[in-house]
Amino acid sequence: MDLFTPIQVGATQLKNRIVMAPMTRSRADADRSPNSLMAEYYSQRAAAGLIIAEATQISEQAAGAINTPGIHTAQHIQGWRLVTDAVHAQGSKIFLQLWHTGRASHPDFQPNGAIPVSASAVTPAGEIHTPSGKKSFVRPRALELDEIPAIVQTYAEATKRAQAAGFDGVEIHAANGYLIDQFLRDGVNQRTDAYGGSIDNRLRLLLEVTESVVNAWSVDAPGERLGQRVGVRLSPKNPYLDMRDSDPNSLFTAAASALNQFNLAYLHVAEGVPGQFLAGEDEPATPLMRDVYQGLLIANGGYDFNQGTTAVTSGEVDLIAYGMPFLANPDLPERFRSGARLNPPNPLTIYAQGAAGYTDYPFLAVTI
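A. Focus on the sheet that holds strand β12 (residues 266–270). Judged by pairing direction, the barrel is parallel, and its 8 strands sit side by side in the order β3-β4-β5-β10-β11-β12-β13-β14 before closing back on the first. Averaged over neighbouring strand pairs, the angle between their axes works out to 25° when direction is ignored. For β12 and strand β13 (residues 297–300), the ladder comprises 4 bridges, and the chain directions are parallel. Bridge assignment links A270 to a residue of β13, and that residue is N300. Of the strands in this sheet, β5 (93–99), β10 (169–173) and β11 (230–234) are in contact with helix α6 (residues 204–216), which crosses β11 at around 155°.

B. Structural view of unusual backbone geometry. In the Ramachandran plot, R32 falls in the positive-phi region, its phi being about 70° despite a non-glycine side chain. Along the chain, the position of R32 falls in the loop between β3 (18–20) and α1 (36–44). The phi angle at L241 is positive, at roughly 65°, despite the residue not being glycine. Take L241: its relative accessible area is 12%, and that puts it in the buried class.

C. Just the pattern of salt bridges, in detail. Per the counting criterion, the structure on display carries 11 salt bridges. Where K135 meets D108, a salt bridge forms, and the shortest distance between an N and an O atom there is 2.7 Å. Here D108 lies in the loop between β5 and β6 (117–118) and K135 lies in strand β8 (residues 133–136), a separation of 27 residues in the sequence. The salt bridge partner of R244 is D242, with a shortest N-O separation of 3.0 Å.

D. View of the packing of aromatic side chains. For the structure on display, the rule yields 9 aromatic pairs. Ring centres 6.2 Å apart and planes at 80° place the aromatic pair F183 and Y195 in the edge-to-face group. In this pair, F183 is assigned in helix α4 (residues 179–184) and Y195 in the loop between α4 and α5 (199–202), connecting sequence segments 12 residues apart. For F183, a relative accessible area of 1% translates into the label buried.

E. Fine view of the pairing of β12. Here β12 lies mainly inside the structure; 5 of its 5 residues are buried. Alternating positions in β12 separate into two faces, Y266, H268 and A270 on one and L267 and V269 on the other, with burial throughout. This β-α-β element, β11 to helix α7 (residues 248–258) to β12, shows right-handed connectivity.

Reading the values: the criteria
Numbers given for residues are sequential positions, taken from 1 along each chain in its written order. Note on the predicted model: pLDDT of at least 70 is required for a residue's local features to be given, and 80 or more for side-chain atom pairs to be given and counted; whole-chain, interface and lining totals, by contrast, use all residues. Only hydrogens and water are removed before side-chain values are computed, so all heavy atoms of the structure are retained for them. Being paired, for any two strands, means DSSP has found at least two bridges between them. Here a strand is any run of E in DSSP of at least two residues, a helix any run of H or I of at least four, and the numbering for each starts at the N terminus. A fitted line through C-alpha atoms serves as each axis, taken over the contacting stretch for helices, and the angle formed by two N-to-C directions is quoted from 0 to 180°. In this analysis, two residues are considered to be in contact whenever any of their non-hydrogen atoms come within 4.5 Å of each other. Exposed residues in this analysis have more than 50% of their type's maximum accessible area, buried residues have under 20%, and partly exposed residues fall in between, with area computed by a 1.4 Å probe over protein chains only. By definition here, a salt bridge exists when the distance from a side-chain nitrogen of Lys or Arg to a carboxyl oxygen of Asp or Glu is within 4 Å. Two rings from Phe, Tyr or Trp (for Trp, the six-membered ring) form a pair when their centres are within 6.5 Å of each other. A pair whose planes differ by under 30 degrees is stacked, one over 60 is edge-to-face, and the rest are tilted. A crossover counts as right-handed when, viewed with the strands pointing away from the observer, the path leading from the first strand over the helix to the second turns clockwise.

Given below as C-alpha cells:
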C-alpha cells in the first residue's frame, strides 16, 4: 500500500490516495460564478485521486474574499457544472468545500454593508483585502440563538446545489479560522449559551451543520448510505486569522470522536509536519484524532512525497492532501512516480486574475 494504491472513500472509488487540497485562487467571475478557465485548471490536475475544490461561499453573507466562487445561485450551479464535467472527463473525482467566513469578512463584502457575524464579538487582528483596498478587520456581531438554524439550513441548501452541479461530494470547511472554527475554539468563542463554554457546547454548531449536510445529500445509488458523500476539514493548531484555543488536543480529539456518528467519507486534518508553519509547538493532535476516529483520515500540512508515502504505508493516515505542490504541478502524481523535479510556485500569481500562474504551469515533457 502506498500513495498510488486505489481506495474506496465513502461512496467514491479513487484511483490513488493523492488528494488535491482546497486552495483559494480568486479566478471566479464578478458574480462569483465558476468559468471555463477554472474548468481548465481543475481538469489539468485530474491525475489526483480526489480534488477538493476551493472554498466556496454558501451565501452572500458567507463571502470574505475577492473573486472567490459561490454555490448560492443557479448561475453558480451552471458554472460549477463546467468544472465537474471537465474533471470527470479526465477520470477523477471532485468534492466541493462549503465555506462561511464568519468574522473573516468585512462590510465591503456583506449585503447592504452589514457587520460580519461570528460566535462572539471578538475582532481578529490584521487586515483584509476588500474590493476597495486593504482594510483592518472590523468587530463582528455575535450571532443570536435564533439566527443559527438559518445558517445551518444554508449549508444544507448549498449541499443540494453542489449535488445538482455534479460534484461527487462536499467537504465542510470547519478549519482555518472561519465561522465553524470560530465556534470551536475558545480564543474566539466567548458565548455563555448552548453554543459556548464547554467543549460539547462549542462542538454543537459543527455537529448540527454536519447532520444537516449529511441529510441534504440525496442518496440514490443502491447500497449507498447517508454521510458517504461528506467530508469535514479541521485545523487543530492553525493560528491563521488570529485563532487559538486553550486546549486544542482535547477539543479536536472530542470533535473527531463526535464525528464518528455520521459515517463520513473522511475527516481531513490540516496540521503541519515538523518545520511547517501549521505545526504546533506541543504534541500534535492528528495522532490523537486518529486514535478515536473510526473512518478514513486525510492529512494535509506540508508533506513531501517521501513523508506522504511513509504516513500512508505506516497506516498513520489513509490519504495525503497536497496544496502548493499541486498549484504549480498539474501532473504532480506523475512527477512523484517518476522522481521528476517539481515546478516552484509563483507567489505573485496565486490570487491574480487570468491564466498566468494558474493554467500555464508546464507538464512533464513527453518523450517518444
